[in-house]
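Spelled out from the first residue to the last, the chains are:
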Amino acid sequence: MTLFDYLQQPFVFNAVLVGILIALCSGLLGVPLVLKRFSFIGDGLSHIAFFAATIATTLRLTQELYIVLPATVISAVLLLRTSSSTKVKGDASLAMISVGTLAGGYVVMNMFPKGGNVSADVCSTLFGSTSILTLSESDVILSVVLSIVVVIAFVFFYNKIFAVTFDDVFARGTGVKANLYNLIIATITAVVITLAMNLVGSLLITALIIFPALSSMRVFKCFKSVTICTVIVSVLGAFAGLVISIMLATPVGSTIVVVDAGIFFIFLIFSLLRKKVKT
Amino acid sequence: MRKAPAALAAIILLLGSCSQPQEAQVTDKPKMMVKINNDTKYDIDLKDMNANIVYATVYQMTQQPQTYMGMTVRIDGLYSEEKSDVNDNTYHYCIIPDAAACCQQGIEFILNNSSEYPAVDTQIELIGTFRSYQEGPYEYYYIDTTEMTQL
């Protein structure tokens, strides 16, 4: 069967559509997070989302987002606002929450399993092996709408996000409401993390966020150019990963991350060669 | 300007609470054309597709059964059966794993001829039609199997 035959299937088409939108949003998000030294925030928040999802499953909620989205948003706000006045510093608090919630989620999953095959639930949730291919109609609609909201928010607040990303203190000094825009970045981060769990699973979200941004930074130096290149790389990487996994029956999440890693190495080699040519 | 992020957060939380529950949809919606692979005589021929797509297709059949109602199906997987404690009936399933074999999706089938069911965990190929039946207050979905081959 050809790729065109597979794309005729509504669930495959939906997987590609939602995958591309999630990659678009994570690409936009990746640049400010990497520049603000919050590359691992995706890991921490995805583990919190995983823990919240297991609680929702235990409570037999029909829609896990009732708990997952608010819990992730609140956690993102608290983590990204970590300041010098806290007793536990940024990376330590992130590490503590990350491993604690991952372990807690797995314990809850084993004590109150959704079905007879806990390994399948873990495999699907943590690695996103086939989650993106089993989206319901409501999941697709919600993903599309939230992605559009994220893109609009990023475009609308672009200048302010740029300001607080590069110099939070200077931004406050010039009258920018830095706390407000950090809150927006935190909310967008939480939404993108929650959506991306369907694509690559909880454990691989960080790769989806950082690889395209780091690839672009090898080649471009201007914030706008880096952002545009990151979005293109992220979307192309997700699409290529999805296509490869559909055609070769590989796990979706891992395949996308491998493709993103491959693109990073290509950009790295290109930047090294360009540097050598200039010298 | 303060209202904008509050509105953004409200939109996000409202959308998160507005989704429909994930249950099998039993509606009168018209069937979608989901014929797979025009080179085969079956509407849904899962024999030559990769494991992830087979798993996802069977998952969709159990979640949106009205879309696939009445379609001819060819599928292979592992045979499994379960005896009910409630009514002493034995139910027969074809189990389809994904490519990593960590996730599995089962679909019930009923042989409409007098053939015997195989031993559990036998690899089987089924050809039949996707239908539903009523048992008690619930509607169940199965493959009305005209041909079963042990592989």
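Just so it is clear, the structure is predicted and the values come from calculations on it, not from any experiment.

1. Thoughts on the overall build of chain B
Helix and strand counts for chain B come out as three helices and six strands. For chain B, the N- to C-terminal ordering of α and β elements is α-β-α-α-β-β-β-β-β. Partitioning the intrachain contacts of chain B with sequence separation of at least 6 by distance along the chain shows that 59% fall at a separation of at least 24.

2. Topic: a positive patch on the surface
Taken together, Arg218, Lys221, Arg274, Lys275 and Lys278 of chain A make up a surface patch of like positive charges. When you line up the elements, Lys278 of chain A lands in helix α13 (residues 252–278).

3. Brief notes about the packing of aromatic side chains
Within this structure, the stated rule accounts for 14 aromatic pairs over all chains. Both rings, one in Phe264 of chain A and one in Phe265 of chain A, keep their centres 5.6 Å apart while their planes meet at 70°; by these two values the pair is edge-to-face. Residue classification places Phe264 of chain A among the buried residues on the basis of a relative accessible area of 15%. With relative accessibility at 49%, the residue Phe265 of chain A sits in the partly exposed group. Note on Tyr138 of chain B and Tyr140 of chain B: the rings are 6.5 Å apart at their centroids and 75° apart in plane angle, and the pair reads as edge-to-face. Here Tyr138 of chain B falls in the exposed class, since its relative accessible area comes to 53%. Taking relative accessible area as the criterion, Tyr140 of chain B reaches 32% and is therefore assigned partly exposed. Cluster of aromatic residues (ring-pair linked, three or more members): Phe154, Tyr158, Phe162 and Phe223 of chain A.

4. Brief notes about the packing of helix α2 (residues 10–35) of chain A against helix α7 (residues 137–156) of chain A
Residue and element names in this part refer to chain A. The geometry of α2 relative to α7 is characterised by a closest axis approach of 10 Å and an angle of 30° between their N-to-C directions. As far as their axial angle goes, α7 and α2 are roughly parallel. In this structure, α2 meets α7 at a crossing whose hand is left-handed. Each of Asn14, Leu17, Val18, Leu21, Ile22, Leu24, Cys25, Leu28 and Pro32 in α2 lies in contact with α7, whose residues at this interface are Val140, Ser143, Val144, Ser147, Val150, Val151 and Phe154. Of the residues in the contact of α2 with α7, the class split is 13 nonpolar, three polar and no charged.

5. Section: the confidence of the model for chain B
Residue and element names in this part refer to chain B. Model confidence for chain B is summarised by a mean pLDDT of 75, while 70% of its residues fall at 70 or above. Mean pLDDT across the secondary structure elements of chain B bottoms out at helix α1 (residues 3–17), with 50, and peaks at strand β5 (residues 123–135), with 91. The low-confidence segment residues 15–34, where pLDDT is below 50, has 45 contacts with residues more than four positions distant or belonging to other chains. Reported confidence for the predicted complex is 0.77 by ipTM and 0.80 by pTM.

6. A short note on the pattern of salt bridges
Residues and elements named next belong to chain B. In total, this model carries two salt bridges over all chains according to the counting rule given. Residue Arg74 pairs with Asp45 through a salt bridge whose shortest N-O separation is 3.0 Å. Taken together, the positions of Arg74 in strand β2 (residues 72–83) and Asp45 in strand β1 (residues 44–45) put the pair 29 residues apart, joining distant regions of the chain. Each member of the pair, Arg74 as well as Asp45, carries the same accessibility label: buried. When the shortest N-O distance is used, the salt bridge between Arg131 and Asp144 registers 3.0 Å. With Arg131 in strand β5 and Asp144 in strand β6 (residues 138–150), this pair connects stretches of sequence that are 13 residues apart.

7. Digging into helix α8 (residues 158–166) of chain A
All names here are of chain A. Looking only at α8, the buried set comprises Tyr158, Ile161, Val164 and Thr165. Axial view of α8: buried residues confined to an arc of 135°, hence all on one face. At its buried positions, α8 is contacted by α2, α7, α9 (168–173), α10 (178–200) and α12 (223–248).

8. Re the nonpolar core
Among the nonpolar cores identified, the biggest contains 106 residues, and Ile132 of chain A together with Ile53, Ile75, Ile107, Phe109 and Phe130 of chain B are the most heavily contacted of them. Tallying contributions element by element places α10 of chain A first for this core, with 16 residues. The residues touching Ile107 of chain B, leaving out its near neighbours within four places in the chain, are Val58, Met61, His92, Tyr93, Cys94, Ile96, Phe130 and Ile143 of chain B. Among the nonpolar cores identified, the runner-up in size contains six residues, and Cys229, Val233, Ile263 and Phe267 of chain A belong to it.

Conventions adopted
- Residues numbered from 1 in each chain as written.
- Chains lettered and ligands numbered in written order.
- Predicted model: local features only at pLDDT ≥ 70, side-chain atom pairs only at ≥ 80, totals over all residues.
- Heavy atoms only, no water.
- Helix = DSSP H or I, 4+ residues; strand = E, 2+ residues; numbered from the N terminus.
- Contact = heavy atoms within 4.5 Å.
- Patch = residues over 30% accessible without salt bridge, like charges linked within 9 Å, V, L, I, M, F, W, Y side chains within 5 Å.
- Areas by Shrake-Rupley, 256 points an atom, 1.4 Å probe, with all protein chains shown as cover.
- Salt bridge = Lys/Arg side-chain N within 4 Å of Asp/Glu carboxyl O.
- Lys, Arg positive; Asp, Glu negative; His and termini not counted.
- Charge placed at Lys NZ, Arg CZ, Asp CG, Glu CD.
- Phe/Tyr/Trp six-rings, centres within 6.5 Å; stacked < 30°, edge-to-face > 60°.
- Buried < 20%, exposed > 50% of the residue type's maximum accessible area, 1.4 Å probe, protein only.
- Axes fitted to C-alpha atoms, helices over the stretch in contact; angles between N-to-C directions.
- Parallel < 35°, antiparallel > 145°, perpendicular 65-115°, else oblique.
- Left-handed = near helix turned anticlockwise from the far one by under 90°.
- Nonpolar A, V, L, I, M, F, W, Y, C, P; charged D, E, K, R; others polar.
- pLDDT = per-residue confidence, 0-100.
- Arc of directions from axis to C-beta.
- Core = buried A, V, L, I, M, F, W, Y, C linked by side-chain atoms within 4.5 Å.

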